[in-house]
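# Topology and contacts: notes
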Amino acid sequence: MTTIWLDGKWLDRDTAMISVYDHGLLYGDGIFEGIRVYNGRVFRLKEHIDRLYASARAIALEIGMPREEFAALVEEAIKRSGLRDAYIRPIVTRGVGDLGIDPLNCKKPTIMVIVDTIKIWPEERYEQGLACVTAPTPIPHRESLSPRVKSLNYLPHVMAKIEGRVAGADEVLMLDASGHVCEGSGQNLFIVNGRTLRTPPSYAGILLGVTRNAVMEIATQAGYAVKEELFNRYDIYTADEAFLTGTASEVAPIRSPDGRAVGTGKPGPVTRDLMTKFRALVRD
Ligand code: PMP
């Protein structure tokens, strides 16, 4: 059952409420994570907690709780939920302040952990592949708000997602200001040529996905070459295969970017191999 921890209290969907003066709401001033539980076990909890604390550091936010305590809190929340397969959303905001932008009066952060479930696309998309389009809204400039910060400022990604839906697509490809392909609205991107995988590098202006890292490890172990390189839409249009990775999305094949078929227009053998290996890894 949905279980929520909010600043020391165990609540549910109807009772978990935050102040309208919380700077997370007023200014998107906060950070979050998305974590999966498979068969009662958390997938890569340490990596997610480390990224949460790195995001906090980047926006000068003091979480005020040791990492081990945060990790234990996540485990406790899962136990209380009774869910064996779940999606966890830790959120830390700057906290309650006043209406000014300056967070000087935010005396302590608001901390939340939500345990629920998530499903982004119907199962058949994993068999047939996703139709993607390039979103008109670009990724924020790296020096504006680094895309490596998993912040509560997701408006560009929300805009892109709406643009994709309006265009009748399942997902979007977001570019940076100079046209390099960066990521999906909530996923990292890979293209495949032969036995070589390519994914944009950390400095490209992407969130460094935990799933991305896991897939790079699995692929390397399986004998594929993995390169972190900048690329453009042309490279996706002409790739043999393409797929997205993310905690909520897992490994999801792309069948058509901007109306062209990738490879045969069906999930290719490398993508299918990595999907199988990823499923085995998370259930291991
Ligand atoms: N990029 C963005 C913008 C995301 O929101 C996410 C989801 N957290 C990802 C990539 C994938 O990251 P992860 O594999 O850690 O979920």
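Residues numbered from 1 in each chain as written. Predicted model: local features only at pLDDT ≥ 70, side-chain atom pairs only at ≥ 80, totals over all residues. Heavy atoms only, no water.

We now examine the pairing of strand β7 (residues 110-116). Counting buried positions over the 7 residues of β7 gives 5, a clear majority of the element. Here strand β1 (residues 3-6) pairs with β7 via 4 bridges, running antiparallel. Its bridge partner lying in β7, W5 is registered against V113. (Buried < 20%, exposed > 50% of the residue type's maximum accessible area, 1.4 Å probe, protein only. Helix = DSSP H or I, 4+ residues; strand = E, 2+ residues; numbered from the N terminus. Pairing = 2+ DSSP bridges.)

Within the structure, the ligand sits among 16 residues, and K150, Y154, E183, T211 and T247 are positioned closest to it. Between the ligand and the protein, one listed contact pairs a nitrogen atom with a side-chain N or O atom of E183 at 2.7 Å. In the environment of the ligand, an oxygen atom lies 2.6 Å from a nitrogen or oxygen atom belonging to the side chain of T247. Only α6 (210-221) and β14 (241-246) provide two or more residues apiece to the shell around the ligand. In terms of residue class, the shell around the ligand is made up of 3 nonpolar, 10 polar and 3 charged. (Near = heavy atom within 4 Å. Polar contact = N/O pair within 3.5 Å; in protein donor to acceptor, adjacent residues only side chain to side chain. Nonpolar A, V, L, I, M, F, W, Y, C, P; charged D, E, K, R; others polar.)

Moving on, we come to the packing of aromatic side chains. Per the stated rule, a full pass over the model turns up 6 aromatic pairs. Aromatic side chains F32 and Y154 sit 5.2 Å apart centroid to centroid with 75° between the ring planes, which places their arrangement in the edge-to-face category. Here Y154 lies in the loop between β8 (130-134) and α5 (155-166) and F32 lies in strand β3 (residues 30-32), a separation of 122 residues in the sequence. For Y154, a relative accessible area of 24% puts it in the partly exposed group. What links up through ring pairs into an aromatic cluster is the set Y38, F43 and F278. The ring of Y237 has R260 lying over it, and the distance from NZ or CZ to the ring centre is 3.8 Å. (Phe/Tyr/Trp six-rings, centres within 6.5 Å; stacked < 30°, edge-to-face > 60°. Lys NZ or Arg CZ within 6 Å of the ring centre and 35° of its normal.)

This is a description of form; function is not addressed.
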